[in-house]
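Coordinate inspection notes
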Amino acid sequence: MSRIKANRMDLTFERYQAEFEQKALDVLRSGWYILGHELESFEDKWASYIGSKYCIGLASGLDALWISFKILGIGSGDEVIVCSNAYIACVMGITMNGGTPVFVEPDRYDNIDADKIEEKITGKTKAILAVHLYGQCCDMDKILKIARIHKLRVVEDCAQSHGNHWKNKKAGTYGDIGCFSFYPSKGCGAFGDGGAVVTDNAELADKFRIFRNYGSEKRYHNMIVGANSRLDEIQAGLLSVKLSHLDKLNAERVRIAGRYSKEIDNPCVKLPEVRPGADSSWHQYVIHCERRDELKDYLAKHDIDTLIHYPIPPHLQEAYRYLGYKKGDFPIAEKYADEVLSLPMYNGMTDEDQQTVIEAINRF
Ligand SMILES: *Cc1c(COP(=O)(O)O)cnc(C)c1O
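Residues numbered from 1 in each chain as written. Predicted model: local features only at pLDDT ≥ 70, side-chain atom pairs only at ≥ 80, totals over all residues. Heavy atoms only, no water.

What follows covers the overall build of the protein. Along the protein, the regular secondary structure elements total 12 helices and 13 strands. Computed over its C-alpha atoms, the radius of gyration of the protein comes to 20 Å, within 12% of the 21 Å expected for a compact globule of 364 residues. C-alpha atoms of the protein, sized along the principal axes, occupy 65 × 55 × 40 Å. The long-range fraction of contacts in the protein, counting pairs at least 24 apart against all pairs at least 6 apart in sequence, stands at 70%. Of the side-chain charges in the protein, 46 are positive and 52 negative, and the distance between the mean point of each set is 3 Å. (Helix = DSSP H or I, 4+ residues; strand = E, 2+ residues; numbered from the N terminus. Rg over C-alpha atoms; globule rule 2.2 N^0.38 Å. Contact = heavy atoms within 4.5 Å. Lys, Arg positive; Asp, Glu negative; His and termini not counted. Charge placed at Lys NZ, Arg CZ, Asp CG, Glu CD.)

Shown next as structure tokens:
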């Protein structure tokens, strides 16, 4: 029996191999590789898929985050609210501009506990970064209400939320800016690095377009000090192919997740819950287990790989020692770091392999 991997990106490539290869060849043969019609075409499609007016392709999800805060003018001396169990990129997106992350503990849905946001707001708070972890939206009703009352910007980190909804609209359409990563393992994953922002604000969209290209709109006329952060033509083309299948791919993940939820039956495992008002694209299927390390080892011994998203919360990372936090400061995030386990979840997972995973967990 072969090992069951936590993720299998090769299977989605194989499924649409002819289309991907044709698109790659088309771009290679076009002789145009940066800022061309493949990018424009993908930006239009992504904006319309998400339900936003504008999409601007960037080089990565981290770039989408830090350039967003830069463009919103949020930096040194400013505070940004973010969940304490965030991925490190969320926090770096804030601190790269000199901003200070203010952590709020997650709730039972593994996303920021919106009821704990207001107590963290100070005169310096400028924005809330709503990180939609694992494929599921935060409670955007509560977050938008708080933002309105306190006049805060809302940036959504949708790196793990490609196509899932809060109420009737997709992740990314609720805040001032929605940030996406097209890192290969993400829902609409590229074959290399990539990212994008979406917004309904024309002025912000222009600023992103200028910033990503050395601060220039017209060649060799640099209006501001910008960056080089562009989504390549070849990635944009491959992403257009992926996007044309994304709803099917997401539906398949929903089916796989549904089976896990129905058939995993072990008192020491807490299954993921979906918040009323949200649906999930199941970027990850994350269970909680107090004996997580034991369970992970047990599954590994039975040829089943799993992942941990994430083993060390940002406030305990060496990079953020300067923030002055210590163990015990965010007990829920710390507990989650010790008990979360991401089960094998990927397009193309066979029923037999899933059966093997389920039976192994139930026997544990
Ligand atoms: C992947 C990810 C990012 C960063 O994206 P990159 O493209 O790897 O820079 C940011 N936030 C979250 C929640 C992510 O999962």
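Domain assignment breaks the protein into domain 1 (10-104 + 111-243) and domain 2 (246-363). Placing a centre on the C-alpha atoms of domain 1 and another on those of domain 2 gives a separation of 24 Å. If you look at the interface, domain 1 gives 42 residues, while domain 2 gives 37 residues. Between domain 1 and domain 2, the buried area comes to about 3100 Å², and carbon and sulfur atoms account for 56% of it. Taken as a group, F103, Y134 and Q136 account for 22% of the area that domain 1 buries against domain 2, more than any other trio of residues on that side. Across the pair R15 and E252 runs a salt bridge, and its minimum N-O distance is 2.8 Å. At the level of elements, helix 1 (9-15), helix 3 (37-50), helix 5 (88-95), strand 3 (100-104), strand 6 (165-166) and helix 8 (233-243) are the ones that each hand at least two residues to the side of domain 1 that touches domain 2. No other element matches the four residues that helix 5 contributes to the side of domain 1 that touches domain 2. (Domains from an automatic or database assignment. Buried area = accessible area lost by both parts, 1.4 Å probe. Salt bridge = Lys/Arg side-chain N within 4 Å of Asp/Glu carboxyl O.)

Bringing helix 4 (residues 61-71) into the picture now. Across the 11 residues that make up helix 4, a large majority, nine, are buried. Those residues of helix 4 that fall on the buried side of the exposure criterion are G61, D63, A64, L65, W66, I67, S68, F69 and I71. (Buried < 20%, exposed > 50% of the residue type's maximum accessible area, 1.4 Å probe, protein only.)

So, on to the pattern of salt bridges. Summed over the entire model, instances satisfying the criterion amount to 21 salt bridges. In this structure, E273 engages R108 in a salt bridge whose closest nitrogen and oxygen atoms are separated by 2.5 Å. With E273 in the loop between helix 9 (246-263) and strand 12 (285-288) and R108 in the loop between strand 3 and strand 4 (125-131), the pair connects residues that are 165 residues apart, well separated along the chain. With a closest N to O distance of 3.1 Å, D329 and K326 form a salt bridge. Given the relative accessible area of 54%, K326 is considered exposed. Salt bridges sharing common partners tie together R3, D303 and D305.

Within this structure, the stated rule accounts for 18 aromatic pairs. Centre to centre, the rings of F42 and F182 are 5.4 Å apart; their planes meet at 80 degrees, and the pair counts as edge-to-face. Remark: F182 occurs in the loop between strand 8 (177-181) and strand 9 (195-199) and F42 occurs in helix 3; sequence separation between them is 140 residues. Here the two residues F42 and F182 agree in accessibility, since each one is buried. Three or more aromatic residues joined by ring pairs form one cluster here, namely F42, W46, Y49, F180 and F182. When the ring centre of Y174 is taken as origin, the NZ or CZ atom of K169, which lies over that ring, is 4.7 Å away. (Phe/Tyr/Trp six-rings, centres within 6.5 Å; stacked < 30°, edge-to-face > 60°. Lys NZ or Arg CZ within 6 Å of the ring centre and 35° of its normal.)

With that out of the way, let us pick up unusual backbone geometry. The omega torsion across H309 and Y310 is 10 degrees, close enough to zero to call that bond cis. Note that Y310 resides in the loop between helix 10 (292-301) and helix 11 (331-339). Phi is positive for L35, close to 50 degrees, though the residue is something other than glycine. Judged by relative accessible area, L35 falls into the partly exposed class, the value being 29%. A positive phi angle, close to 70 degrees, is found at D110, a residue other than glycine. Among the secondary structure elements, D110 is positioned in the loop between strand 3 and strand 4. Take D110: its relative accessible area is 5%, and that puts it in the buried class.

To continue, consider the site of the ligand. Taken together, 14 residues sit near the ligand, with G61, D157, Q160, S181 and K186 positioned nearest. A distance of 2.7 Å separates a nitrogen atom of the ligand from a polar side-chain atom of D157. Note that an oxygen atom of the ligand is positioned 2.6 Å from one of the side-chain N or O atoms of S181. Put simply, the parts of the chain that give the shell around the ligand at least two residues each are helix 4 and helix 5. Sort the elements by how many residues they give to the shell around the ligand and helix 4 lands first, with three residues. Of the residues assigned to the shell around the ligand, the class counts are seven nonpolar, five polar and two charged. (Near = heavy atom within 4 Å. Polar contact = N/O pair within 3.5 Å; in protein donor to acceptor, adjacent residues only side chain to side chain. Nonpolar A, V, L, I, M, F, W, Y, C, P; charged D, E, K, R; others polar.)

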